[in-house]
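Now for the letters of each chain:
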Amino acid sequence: MKASVIIPAYNSKERLYNSLLSLNQQECDEEFEVIVADNGSEDGTLSMLESFQADFPLIFTRIKENRGIAYGRNQALRNARGDILIFHDSDMLAAKDLVAKHIKAHENEENLVVCGLFWKRIYSFYYERFEDEHKEQLAKIVDEMPKKDKQKLLNEADIKNGSFLDKSFDLDTDFIDVLKKILDEYGDDLKGYHMPWRFFITNNSSVRRKHVVDLGLFDEGIVRYGFEDYDLGIRLHQAGLTFRLHRDIVSVHQEHPSNCKSVDDIRANIAYMCDKYNNIRSLDVHLAFNGPFPPDMTNGIMTDIHKLLESQKYDMLLNLFLELLHVVKERNIDPDWQKKAPRVTSKNFDLQTVRKLLPKAKKKLGVNDFANALYALVNDLLHVDLR
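Residues numbered from 1 in each chain as written. Predicted model: local features only at pLDDT ≥ 70, side-chain atom pairs only at ≥ 80, totals over all residues. Heavy atoms only, no water.

- As recorded by an unreviewed UniProt entry, the protein carries the name Glycosyltransferase (Complex carbohydrate synthase) and is attributed to Bacillus inaquosorum KCTC 13429.

Put into structure tokens, the structure is as follows:
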């Protein structure tokens, strides 16, 4: 088996049907299978899977209770036989060449992470629970707003002939804008960009199965919405794999009400990730989630950090930087952070030594972005001027 398409599903029967229908249209000479983990769905997902007429080996496993998307993905992964894992969510519509292009991208590439285009969107159904921004966007597209929940907005013929691609649009958010600017700066091969794992979105990405198995699959400790893909991406990056974006590998997200229950999910996951990667060799994680710096400077800071990591004599600077980023995290996610005992004070570190060591590092290694960032954080959080 050349490839396994991994799909977790939870109460998304109608979108999953469309997703499987798009996979039925694949123009691929290599053998591939599709594995669906029904993650405790209560909407008849299992019955749909049992009756779906697939043109590929379709394997599905039923999980009685939803234990998080990482657990669901792992249940699917444990049944996978393919050399290459293609991650594709239940709400994604695959272009006809998606599987073939993912497979081809790994030819003669043993240590590659392939990131497909992930910002295309489409409205295939109307949901009464749509957030206001969805209703506003939909009003611009349709002549008359739908009135019935789960009313179809996309015909099966559009999926079968691929014309759904012409009806899709780019997601317009600050998050996507930042990622597009990074691509403009560093190119689709992301050379020189120190946080390529930010492009590892598991609705359209692939990697050889052996790498995921070697790293212990997805982290099932991540139960709340999101971040399980980032976590695996971070570990793949730390294992030395190369990341590359392929704009020609296209899938389209069927819009639906958000699965994120509240901002508390995001806060909890950020705290989990920062605790998990609480070391100076994972400062990219803390900068990506908490760093109060623009993207260009953030990458420059990481370039400097790699220089500093080459000598242990600079560990004091890096550990101070790490602790201050923890304070930024607490300020960002905890409204009562100021009422609690401070994590870091000016007494926690020998700031006199820092005041002497930092200019030396700046002069010897040219770590200007890091120095400016550390100066700013110490001034802002500890109210000390190191200059």
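Having seen the model, we can carry on.
Some points on the pattern of salt bridges
Here is step 1: Following the criterion strictly, the structure yields 26 salt bridges and no others.
Here is step 2: Ionic pairing is found between R121 and E255, a salt bridge with its closest N-O pair at 3.4 Å. In this pair, R121 is assigned in strand β6 (residues 112-122) and E255 in the loop between β11 (242-254) and α10 (263-276), connecting sequence segments 134 residues apart. This pair shows no difference in class: R121 is buried, exactly as E255 is.
Here is step 3: Notably, a salt bridge pairs E156 with K152, separated by 3.9 Å at the nearest N-O pair.
Here is step 4: The class of E156 is partly exposed, set by a relative accessible area of 25%.
Here is step 5: The network of salt bridges with common partners includes D219, D231, R235 and K276. (Salt bridge = Lys/Arg side-chain N within 4 Å of Asp/Glu carboxyl O. Helix = DSSP H or I, 4+ residues; strand = E, 2+ residues; numbered from the N terminus. Buried < 20%, exposed > 50% of the residue type's maximum accessible area, 1.4 Å probe, protein only.)

A short note on the state of the cysteines
Here is step 1: One pass over the full model with this rule turns up zero disulfides.
Here is step 2: Here C28 is not cross-linked by a disulfide; its sulfur's nearest cysteine counterpart is in C115, at 20 Å. (Disulfide = S-S within 2.5 Å.)

Details of the environment of A157
Here is step 1: With respect to the helices, strands and loops of the structure, A157 is situated in helix α6 (residues 156-160).
Here is step 2: C-alpha of A157 to C-alpha of H134: the two residues are 23 residues apart in sequence and 24 Å apart in space.

Some details on helix α1 (residues 13-24)
Here is step 1: A rise of 1.5 Å per residue sets the reference length of α1, with its 12 residues, at 16 Å; its end C-alpha atoms lie 16 Å apart and thus fit the reference within 8%.
Here is step 2: Among the 12 residues of α1, 10 are classified as buried, and the element is accordingly described as predominantly covered.
Here is step 3: Along α1, the residues classified as buried are E14, R15, L16, N18, S19, L20, L21, S22, L23 and N24. (Expected span 1.5 Å × (residues − 1).)

Concerning the side chain of K329
Here is step 1: Structurally, K329 can be placed in helix α13 (residues 315-333).
Here is step 2: For the buried K329, no salt bridge is present, and the opposite-charge side chain at shortest range is D275, 4.1 Å distant.
Here is step 3: A polar atom in the side chain of K329 sits 3.2 Å from the side chain of H326.
Here is step 4: Those residues in contact with K329 that sit more than four places away from it in its chain are I270, A271, C274, D275 and N290. (Lys, Arg positive; Asp, Glu negative; His and termini not counted. Polar contact = N/O pair within 3.5 Å; in protein donor to acceptor, adjacent residues only side chain to side chain. Contact = heavy atoms within 4.5 Å.)

Things to note about the UniProt feature "domain: Glycosyltransferase 2-like" (unreviewed entry) in the protein
Here is step 1: In this numbering, the UniProt entry assigns the feature "domain: Glycosyltransferase 2-like" (unreviewed entry) to residues 4-134.
Here is step 2: The span residues 4-134 is 30% helix and 31% strand, and its two end C-alpha atoms sit 32 Å from each other. (UniProt positions renumbered as here; feature names shortened; annotations may be inferred.)

Focus: the pairing of strand β1 (residues 3-9)
Across a regular strand the side chains alternate sides, sitting on one face of the sheet and then on the other.
Here is step 1: Of all seven residues making up β1, seven are buried, and the element is well covered by its neighbours.
Here is step 2: Going residue by residue along β1, you find A3, V5, I7 and A9 tucked away on one face and S4, I6 and P8 tucked away on the opposite face as well.
Here is step 3: Strand direction decides the pairing type here: β1 and strand β2 (residues 32-39), joined by seven bridges, are parallel. Across the sheet, P8 pairs through a bridge with A37, a residue of β2.
Here is step 4: Between β1 and its parallel partner β2, the chain crosses via α1, and the hand of that crossover is right-handed.
Here is step 5: Bridging between β1 and strand β4 (residues 84-87) involves four bridges; their strand directions are parallel. Within β4, the position partnered with I6 by the bridge is F87. (Pairing = 2+ DSSP bridges. Right-handed = clockwise from strand over helix to strand, strands pointing away.)

Regarding the packing of aromatic side chains
Here is step 1: The full count for this structure, using the stated rule, is 19 aromatic pairs.
Here is step 2: Arranged with centres 5.5 Å apart and planes meeting at 85°, the rings of Y127 and F130 form a pair that is edge-to-face. For the pair Y127 and F130, a shared accessibility class is recorded, and that class is buried.
Here is step 3: Here the aromatic rings of Y230 and F289 are separated by 6.1 Å at their centres, their planes lie at 45°, and the arrangement is tilted. Of the two residues, Y230 is situated in helix α9 (residues 228-238) and F289 in helix α11 (residues 283-290); the sequence distance between them amounts to 59 residues. The residues Y230 and F289 share a single accessibility class, namely buried.
Here is step 4: Linked through ring pairs, Y123, F125, Y126, Y127, F130 and F169 together constitute an aromatic cluster.
Here is step 5: Just above the ring of Y71 sits the side chain of R67; from NZ or CZ to the centre is 4.0 Å. (Phe/Tyr/Trp six-rings, centres within 6.5 Å; stacked < 30°, edge-to-face > 60°. Lys NZ or Arg CZ within 6 Å of the ring centre and 35° of its normal.)

Re α11
Here is step 1: Most of α11 sits inside the fold, with seven of its eight residues counted as buried.
Here is step 2: Looking only at α11, the buried set comprises L283, D284, V285, H286, L287, F289 and N290.
Here is step 3: For α11, the elements touching its buried residues are α9, α10, α12 (295-308) and α13.

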